[in-house]
Amino acid sequence: MGAVFFYHLTDSPLEVTLPMLIGKARGAGWRILVRGREQALLKRLDDVLWQGPEDQFHPHGMGGGPHDADQPVLLGDAPSEGFACLMSVGGAHVHAAEVSALERTCILFDGHDGAALETARAQWKALTDAGCAAQYWAQEGGRWTKKAEKQAAP
């Protein structure tokens with residue numbers, strides 16, 4: 001049974017944090033779905049991943065292509081089957097059944113955006129009420145600190 005990790009972005013933007021988390025997930029050998037609702041956001045993240053430092057490059061593709069099943073990292077609004085890790089950006093939906101089926105689910109949200117904070121709070125409540133294990137991580141002085149944890153319901 002997996003867990004959902006909430007990342008409250010305050011010091012580092014999504015364009016910095018997402019590649020770092022993808023690197024950690026790929027290091028664990030996981031196939032990753034980066035789920036977003038807005039195509040413009042996913043395209044921006046695609047550009048960031050292509051333009052990053054060569055030693056931190058993560059092979060990836062945009063969803064909807066003929067080779068989606070071959071991508072180690074896929075950006076799109078796709079089902080999570082076949083992935084070990086789901087990273088939700090831009091308030092994209094996450095279901096409790098996905099959290100349970102995956103190794104890790106990450107919800108990244110902009111700490112300077114009131115609507116994003118409200119969406120993340122609603123996701124925390126819905127997922128923990130459904131019995132999912134959850135951790136809440138925030139940035140303090142450039143470092144990530146675990147601020148809250150809720151164990152999975154038996």
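Refer to the structure printed above.
Just so it is clear, the structure is predicted and the values come from calculations on it, not from any experiment. (Residues numbered from 1 in each chain as written. Predicted model: local features only at pLDDT ≥ 70, side-chain atom pairs only at ≥ 80, totals over all residues. Heavy atoms only, no water.)

Some thoughts on the nonpolar core
To keep it simple, the criterion reads: We define a nonpolar core as any set of buried Ala, Val, Leu, Ile, Met, Phe, Trp, Tyr and Cys residues linked to one another through side-chain atoms lying within 4.5 Å. A simple rule labels every residue: compare its accessible area, found with a 1.4 Å probe on the protein chains alone, to the largest value its type can have, and call it buried under 20%, exposed over 50%, or partly exposed in between. To qualify as a helix, a DSSP run of H or I must reach at least 4 residues; to qualify as a strand, a run of E must reach at least 2; elements of each kind are numbered from the N terminus. Whether two residues are in contact is decided by their heavy atoms, any of which lying within 4.5 Å being enough.
Judged by nonpolar contacts, the single largest core of 26 residues is most densely connected at Val34, Met87 and Leu108. Looking at this core, the elements with two or more residues in it are strand 1 (3–9), helix 1 (14–27), strand 2 (32–35), helix 2 (39–51), strand 4 (73–76), strand 5 (85–88), strand 6 (104–110) and strand 7 (133–140). Among the elements that make up this core, the one with the highest residue count is helix 1 (5 residues). Non-local contacts of valine 34, meaning those with residues more than four positions away in its chain, are made with Leu18, Ile22, Leu42, Leu45, Val73, Leu74, Leu75, Gly76, Met87 and Val89. Counting 17 residues, the second-largest nonpolar core is a separate cluster that includes Leu74, Leu86, Leu102 and Leu127.

Brief notes about the packing of helix 1 against helix 2
Rules: Axes here refer to lines fitted to C-alpha atoms; in helices the fit is confined to the stretch in contact. Angles between the N-to-C directions go from 0 to 180 degrees. If you view the pair so one helix is near and one far, a crossing is left-handed when the near helix is turned anticlockwise from the far one by less than a right angle, and right-handed when it is turned clockwise. By the convention adopted, Pro, Cys, Tyr, Trp, Phe, Met, Ile, Leu, Val and Ala count as nonpolar, Lys, Arg, Asp and Glu as charged, and the other residues, Gly among them, as polar.
Interaxial distance between helix 1 and helix 2 falls to 10 Å at its minimum, and their mutual angle equals 65°. Along this stretch, helix 1 crosses helix 2, giving a crossing that reads as right-handed. Residue-level contacts link Leu14, Glu15, Leu18, Pro19 and Ile22 of helix 1 to Leu41, Arg44, Leu45, Val48 and Leu49 of helix 2. A breakdown of the residues in the contact of helix 1 with helix 2 according to their chemical character gives 8 nonpolar, no polar and 2 charged.

Description of the environment of threonine 17
For threonine 17, the position within the fold is in helix 1. The exposure class of threonine 17 is buried, given its relative accessible area of 2%. Sequence-distant contacts of threonine 17, defined by excluding residues within four places in its chain, comprise Leu9, Ser12, Leu108 and Trp144.

What to know about the side chain of threonine 105
Its location among the elements puts threonine 105 in strand 6. Threonine 105 sits in the buried class, given a relative accessible area of 0%. Residues within four places of threonine 105 in sequence aside, it is in contact with Ala3, Val4, Phe5, Leu86, Val94, Glu98 and Val99.

A closer look at the pattern of salt bridges
Selection rule: A pairing counts as a salt bridge when a side-chain nitrogen of Lys or Arg comes within 4 Å of a carboxyl oxygen of Asp or Glu.
Applying the stated rule across the entire model yields 9 salt bridges. Across the pair lysine 43 and aspartate 47 runs a salt bridge, and its minimum N-O distance is 2.8 Å. Here lysine 43 pairs with aspartate 47, and both are found in helix 2, just 4 residues apart, close to one helical turn. Note that glutamate 140 is salt-bridged to lysine 147, the shortest N-O span being 2.1 Å. For lysine 147, a relative accessible area of 42% translates into the label partly exposed. Beyond isolated ion pairs, a larger network of salt bridges with shared partners links Arg35, Asp77 and Glu98.

A word on helix 1
Condition: Here the expected length of a helix is defined as 1.5 Å per residue gap, with one fewer gap than residues. This arc is built from the directions going out from the helix axis to the C-beta atoms.
For helix 1, spanning 14 residues, the distance from its first C-alpha to its last is 19 Å, which sits close to the expected 20 Å at 1.5 Å a residue. Among the residues making up helix 1, those that are buried are Leu14, Thr17, Leu18, Leu21, Ile22 and Ala25. End-on view of helix 1: buried residues confined to an arc of 135°, all on one side of the axis. Counted as exposed and oriented over 90 degrees from the buried face of helix 1: Lys24 and Gly27. Of the residues one or two after helix 1, glycine 29 is the one with positive phi, at around 85°.

Digging into the sheet that holds strand 3 (residues 61–62)
Note: strands within a sheet are paired through backbone hydrogen bonds, in either parallel or antiparallel orientation. The criterion, for reference: Here the rule is simple: two strands pair whenever DSSP picks up at least two bridges between them.
Spatially, 8 strands are ordered 3-4-2-5-6-1-7-8 in an open sheet, and the strand pairing comes out mixed. At either end of the open sheet lies a strand with only one pairing partner, and these are strand 3 and strand 8 (143–150). By the bridge criterion, 6 bridges tie strand 1 to strand 7 in an arrangement that is parallel. The residue of strand 7 that forms the bridge with phenylalanine 5 is glutamine 135. Of the strands in this sheet, strand 2, strand 3 and strand 4 are in contact with helix 2, which crosses strand 4 at around 150°. Along the sheet, helix 4 (residues 114–129) makes contact with strand 1, strand 5, strand 6, strand 7 and strand 8, crossing strand 6 at roughly 155°.

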